[in-house]
Amino acid sequence: MDDPRQLLEEGRFEELAHDDHPLWRGLALLELKRWEQAATTFESAPDFTHSGTLLELAGAARWLAGEREKGVEHWILALDAGYEGPASRLKPPALLIYAGTRMNDERYVLRGTRLLTKSWKPKVARIWPGPVAGFLLGHIPAQSFVEEGYADSDLEARRAASAHFWAALKDPENAKKHYQAAIASEGAAVLEVEHHLARGELG
């Protein structure tokens, strides 16, 4: 089988859906809109409860399958899961703000905001997804948040998908435009949970 990242970037999701690794298989199933299958695939990974990335994606799959409470449960578990750096830990509280906004549940919004406020430091804003926290807390203006990118094309595809998703949450009037921008790039952007949630918003 070809390299899974190559299959992902070439949009060969049917092939990737047979990969041995739950991450790649689950991502392919998300792209194929097989939400429940994607969720159970992520959840079957040996390190599922310890991986923030897998919990984020499984939460998105459950959310997209219509199991919103189950999705939020995964995102809450991700608050204490393992991540590679301090900036990545800011994603789960942001997802709680998203969930609370969509479910009209102020508890999640307040919890997510409180956790972001506690973790926010200007130096974190230099490492993606750190700027997400700064933007949601009002420390970073929308234009620079959306437009200031990376030279590396893969990093930029991931950043842009994420940035447009969060911009949509704060700018309902232009939300559709932002969601469309969030899904415009496939390839590396598929690694971002926001890419999949944006597709759900448009669906």
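What counts, and where the lines are drawn
Residues numbered from 1 in each chain as written. Predicted model: local features only at pLDDT ≥ 70, side-chain atom pairs only at ≥ 80, totals over all residues. Heavy atoms only, no water. Patch = residues over 30% accessible without salt bridge, like charges linked within 9 Å, V, L, I, M, F, W, Y side chains within 5 Å. Areas by Shrake-Rupley, 256 points an atom, 1.4 Å probe, with all protein chains shown as cover. Salt bridge = Lys/Arg side-chain N within 4 Å of Asp/Glu carboxyl O. Lys, Arg positive; Asp, Glu negative; His and termini not counted. Charge placed at Lys NZ, Arg CZ, Asp CG, Glu CD. Helix = DSSP H or I, 4+ residues; strand = E, 2+ residues; numbered from the N terminus. Buried < 20%, exposed > 50% of the residue type's maximum accessible area, 1.4 Å probe, protein only. Core = buried A, V, L, I, M, F, W, Y, C linked by side-chain atoms within 4.5 Å. Contact = heavy atoms within 4.5 Å. Axes fitted to C-alpha atoms, helices over the stretch in contact; angles between N-to-C directions. Parallel < 35°, antiparallel > 145°, perpendicular 65-115°, else oblique. Left-handed = near helix turned anticlockwise from the far one by under 90°. Nonpolar A, V, L, I, M, F, W, Y, C, P; charged D, E, K, R; others polar.

**Student:** Looking at this structure, I do not really get a negative patch on the surface. What am I missing?
**Tutor:** A cluster of like negative charges, contributed by D3, E9, D152 and D154, occupies part of the molecular surface. Note on placement: D152 falls in the loop between α10 (142-147) and α11 (153-170). Residue classification places D152 among the partly exposed positions, given a relative accessible area of 41%.

**Student:** I'm lost on the pattern of salt bridges in this one. Help?
**Tutor:** When the charged atoms of two side chains lie near each other, side chains of opposite charge can form a pair. Scanning all chains against the criterion turns up 12 salt bridges. As a salt-bridge pair, E14 and R34 come within 3.0 Å of each other at their nearest N and O atoms. In this pair, E14 is assigned in helix α2 (residues 13-16) and R34 in the loop between α3 (22-31) and α4 (35-43), connecting sequence segments 20 residues apart. Using a relative accessible area of 46% as the deciding quantity, one classes E14 as partly exposed. Each of K91, R158, E192 and E194 takes part in salt bridges that share partners, so that together they form one network.

**Student:** Explain the nonpolar core here, please?
**Tutor:** Generally speaking, nonpolar side chains in soluble globular proteins are found buried as a group. Core analysis: the biggest nonpolar cluster contains 65 residues, and W75, F145, W166 and L197 have the highest contact counts within it. Broken down by element, the residue count for this core peaks at eight residues, all from helix α5 (residues 52-64). Those residues in contact with L197, other than ones at most four positions away along the chain, are A60, W63, W75, L95, Y98 and F165.

**Student:** Is there a simple way to explain the side chain of H74 in this structure?
**Tutor:** Note that H74 resides in helix α6 (residues 68-78). Residue class for H74 comes out buried when judged on its relative accessible area of 5%. Setting aside its immediate chain neighbours within four residues, H74 contacts E43, F48, L55, A58, G59 and R62.

**Student:** What is the right way to read the packing of α3 against helix α13 (residues 193-202) from this model?
**Tutor:** With their axes 11 Å apart at the nearest point, α3 and α13 run at an angle of 20° to one another. As summarised for this structure, α3 and α13 are arranged roughly parallel, according to the angle between their axes. Once α3 is placed against α13, the crossing between them reads as left-handed. Two secondary-structure elements touch here, α3 through L27, L30 and E31 and α13 through H195, H196 and R199. Its residues assigned to classes, the contact of α3 with α13 comprises two nonpolar, two polar and two charged.

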